[in-house]
Amino acid sequence: MGKHVAGATVLAVDDNATIRKAIAMRLGAKGFDVVTAVDGQDALNRIGHGHFDLVILDLQMPGLRGEDVLRQIRARYTATQLPVIVLAASSDKTDINRSLDLGANDYIIKPGDLPILVARIRTQLALKDTVARLRLQSALMRDMLSLEPAGASSHRAQAEARPKSVFPLDTEAFLEQIEHGHSVPFDVLHDNTPMTCFALRDDGTVMHANRFGARYLGFRPDELVDRPMLDLYVGEDRALAEENLNGAIEQPGQVHRWDIRHIKNNGDVIWMRDTARAVTRGDTTFVLLTCEDIDDTYKLSELLAFQSQHDELTGLVNRKALERRLAQVIESAQAEHADHALAIIDLDQFKLVNDNYGPDAGDELLRQVAQILKGVARKRDTIARVGGDEFAVLLEDCPLTAAHAASDALRRAIEDFDFNLDGRRYKVSASIGIVPINEFCDSPGNALSMADTACYAAKESGRNRIHVYEPDSISVVARRGEMRWAARLNTALIENRFTLCFQPISPLAEDGPEGMHYEILLRMIDEEGAQVMPGQFLPAAERYNLSDRLDRWVIGNLFDWLEQRPQQVSAMGLCSINLSGQSIGNEELLGFIFEQLRRGVIAPEKVCFEITETAAIADLMQANLFIHQLKEYGCRFALDDFGSGFSSLAYLKQLPVDFLKIDGAFVRDMVSDAMDFAMVRSINDIGHVMGKQTIAEFVENEATLELLRSLGVDFAQGYQIGRPIPIADFRLEDWQ
């Protein structure tokens, strides 16, 4: 039966090393034995010295071209002895038809989908095996007919009276029998060939059909004789079939191949690959036609094409497909001065559902919202899921006023929707940003960015509302500023343009703990070499999910620096490191922290992580788990900016932190402001009752320092204690 896939040897010929490697790796995983050739001459050398079951051949190669390689292969081997599938750089029919005329068995367009390539290789190997088997059977039958056992003379006479057996792919013998007036020249071998085969007259009617093919289409062979071949195609595809069959007749000897839909006797439609070749004998032209079942392959190709353009969860088009359509709409707006609009829709309550009830509940919410959008949007509108809980609607031929009304209809539909989860109903709302698409819009990327900015403005102004993009609005200007900072941050991370500073934290009691206690502060170095304070870039880092990358940079670089300075580590009492809200519950960052601690550079007891109060209470469960895991390792924790949250005291009992850092907004003016003084005293008292030490921030003068000492605050930090010192200027003797 042949090797089929398991163990079949394939020669992959391509001058591109990446493509060769990809083919070898992917086909190797499917059970093929893959050998690669770097160019045409290398391929011919390998073919001359080895055995291959199939060749995958690039058409466009320097030096010996793919066409030349194909000619030399066909000079040595027939199409069934060594099948060749060509790799075409584009769907240009000229190149493809030329390669088929030269003897290629099939083709695939680069880069090619692996399932389609495997399916086409399977087809060629199966056909190769079938031909070899039929040749063997034909030889055996000839041998049997040549024997004359005793008493078999009458059998031989009967055999000679019958038309001679014709091998189905032997075109010359087949035509000779037709010319000599034999009736149906198909014997049992041809009738059982596992392929649909026809012989057609030049007027397109069927002369002969093999039994296997006829049955496959639901007919008896005699039912197809004299019938127009076009009757076996789907109505709207008949013009394509007629064009190709006529082309075969007009160019005798050339192979014509096309994919088309056939219709079975029971009405079922099936995709087949038709291959036709016309041969002329005297004044008569015959067309030999084979039809290969590619229905599964074609449907798989359609499925892959659909999946490449659609979101798997909701069935809506994806961002890539939206961008393609948006590019066409922008071109229309510029050429025809048409008015369109793009709306970005962001769900307001998605994180609550997803975090509290799991990703399955979140996925179901997204699916139901997608159905709402499809039910309300106009039929001509393109609805897409562009990421997470964010959707987009491209409103074509829609002025801004109409786009606003259409978007508000979408918003109200989502607002009226009750999400049913385990018998409970949850209200959902959405914020929508709109940008007009007109002749001034230059690219899909900019349009999406502007719509996203408008959506952000809608959220910032209260959620469940619509905001139209206005270049000069305050919220849009702020958003654009953050976007620019995000881009600069990404570049700075790539170029390693950050530095660390130390700021001392001093005990206020005379018998306070020994050893240096300081906080690590981050500074960005801008393109001109100047330091940038964190207040300028941290909001953008939080907005664009870059904070955890900054935290990783700080921790990694700090531990590297300390590893080279064991004396500083010995003199250290406690080192405080800030963590962003994004880092809390981040398993990858947690693993990175444990990895750094296991280096043994610094004892975990000397490391204190600071998290803000607002970040901690935003997800109390995650914060608790994160803190407990690191505290079990020996690290300590401080709750930063304490007093800024509305529910501070209620949540404090549940957070196992070691220090409370009193928000500097209360400390700065506590000497002159009685309310601030009362807040500092209350926080300090509550912290001590709960067994936590307190640290006052923003201590900028001696009067504030003395007042804090009188209240019993444990530690102070601020310019009065010491300004931040760049890591490059740190001297141990200055701190002792």
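Residues numbered from 1 in each chain as written. Predicted model: local features only at pLDDT ≥ 70, side-chain atom pairs only at ≥ 80, totals over all residues. Heavy atoms only, no water.

Q: Can you help me understand the sheet that holds strand 11 (residues 340-347) in this one?
A: Adjacent strands of a sheet pair through backbone hydrogen bonds, lying either parallel or antiparallel. Reading across the sheet, the five strands line up as 12-13-11-16-17 and stay open at both edges, with mixed pairing between neighbours. Single-partner strands in this sheet number two, and they are strand 12 (382-387) and strand 17 (466-468). Strand after strand, the sheet turns through a mean of 20° between neighbouring axes, direction not considered. (Pairing = 2+ DSSP bridges. Helix = DSSP H or I, 4+ residues; strand = E, 2+ residues; numbered from the N terminus. Axes fitted to C-alpha atoms, helices over the stretch in contact; angles between N-to-C directions.)

Q: I tried to follow the environment of Phe219 on my own but got confused; where do I start?
A: You can see Phe219 is positioned in the loop between helix 9 (211-216) and helix 10 (221-224). Phe219 sits in the buried class, given a relative accessible area of 7%. Along the primary structure Phe219 and Asn265 are separated by 46 residues, whereas in three dimensions their C-alpha atoms are 6.5 Å apart. Beyond its immediate sequence surroundings of up to four residues, Phe219 is in contact with Ala214, Leu224, Arg227, Leu232 and Asn265. (Buried < 20%, exposed > 50% of the residue type's maximum accessible area, 1.4 Å probe, protein only. Contact = heavy atoms within 4.5 Å.)

Q: What should I look at first to understand the packing of aromatic side chains in this one?
A: Two aromatic rings are characterised by how far apart their centres lie and by the angle between their planes. Per the counting criterion, the structure on display carries 13 aromatic pairs. Measuring from centroid to centroid gives 6.3 Å for Phe417 and Phe419, while their planes differ by 45°, and the two rings are tilted. Phe419 sits in the buried class, given a relative accessible area of 0%. What links up through ring pairs into an aromatic cluster is the set Phe502, Tyr518, Trp561 and Phe730. Directly above the ring of Tyr216 sits Lys264, whose terminal nitrogen or CZ lies 4.4 Å from the centroid. (Phe/Tyr/Trp six-rings, centres within 6.5 Å; stacked < 30°, edge-to-face > 60°. Lys NZ or Arg CZ within 6 Å of the ring centre and 35° of its normal.)

Q: Before we go on, may I ask you to explain the sheet that holds strand 6 (residues 196-200) in this structure?
A: Ordered in space as 7-6-10-9-8, the five strands form an open sheet in which the pairing is antiparallel. Of all strands in the sheet, those bounded by a partner on one side alone are strand 7 (206-209) and strand 8 (255-263). On average, each strand axis in the sheet is tilted by 25° relative to the strand beside it, whichever way the strands run. Across five bridges, strand 6 lies against strand 10 (residues 284-293) in antiparallel orientation. Bridge pairing in strand 10 links Thr196 to Cys291.

Q: Mind showing me how you'd approach the nonpolar core here?
A: One broad rule of soluble globular proteins: the nonpolar side chains tend to lie buried together. With 75 residues, the main nonpolar core has Ile577, Phe609 and Leu630 as its most contacted residues. Counting residues per element, this core draws most heavily on helix 20 (residues 547-563), which supplies eight residues. Once residues within four sequence positions are removed from consideration, Leu630 is found in contact with Leu590, Ile593, Phe594, Leu597, Phe609, Cys635 and Phe637. Judged by nonpolar contacts, the second largest core, of 33 residues, contains Leu365, Ala377, Ala403 and Val468. (Core = buried A, V, L, I, M, F, W, Y, C linked by side-chain atoms within 4.5 Å.)

Q: In this structure, what is going on with the packing of helix 15 (residues 359-376) against helix 16 (residues 400-415)? I would like to understand it.
A: Helix-helix packing is described using two parameters, namely the angle between the two axes and the distance between the axes. Remark: helix 15 packs on helix 16, axes separated minimally by 10 Å, with the N-to-C direction vectors making an angle of 140°. The orientation of helix 15 relative to helix 16 falls into the category oblique. When the axes of helix 15 and helix 16 are compared, the crossing they make is right-handed. Only Ala409, Leu410, Ala413 and Ile414 of helix 16 make contact with helix 15, whose side of the interface consists of Val369, Ile372, Leu373 and Val376. (Parallel < 35°, antiparallel > 145°, perpendicular 65-115°, else oblique. Left-handed = near helix turned anticlockwise from the far one by under 90°.)

Q: Hey, could you run me through unusual backbone geometry in this one?
A: With glycine set apart, most residues show a phi of negative sign, and most peptide bonds adopt trans. Although it is not a glycine, Asp226 adopts a positive phi angle of roughly 70°. Its location among the elements puts Asp226 in the loop between helix 10 and helix 11 (238-250). Positive phi, close to 55°, is recorded for Asp641, a residue that is not glycine. Here Asp641 shows up in strand 24 (residues 636-642).

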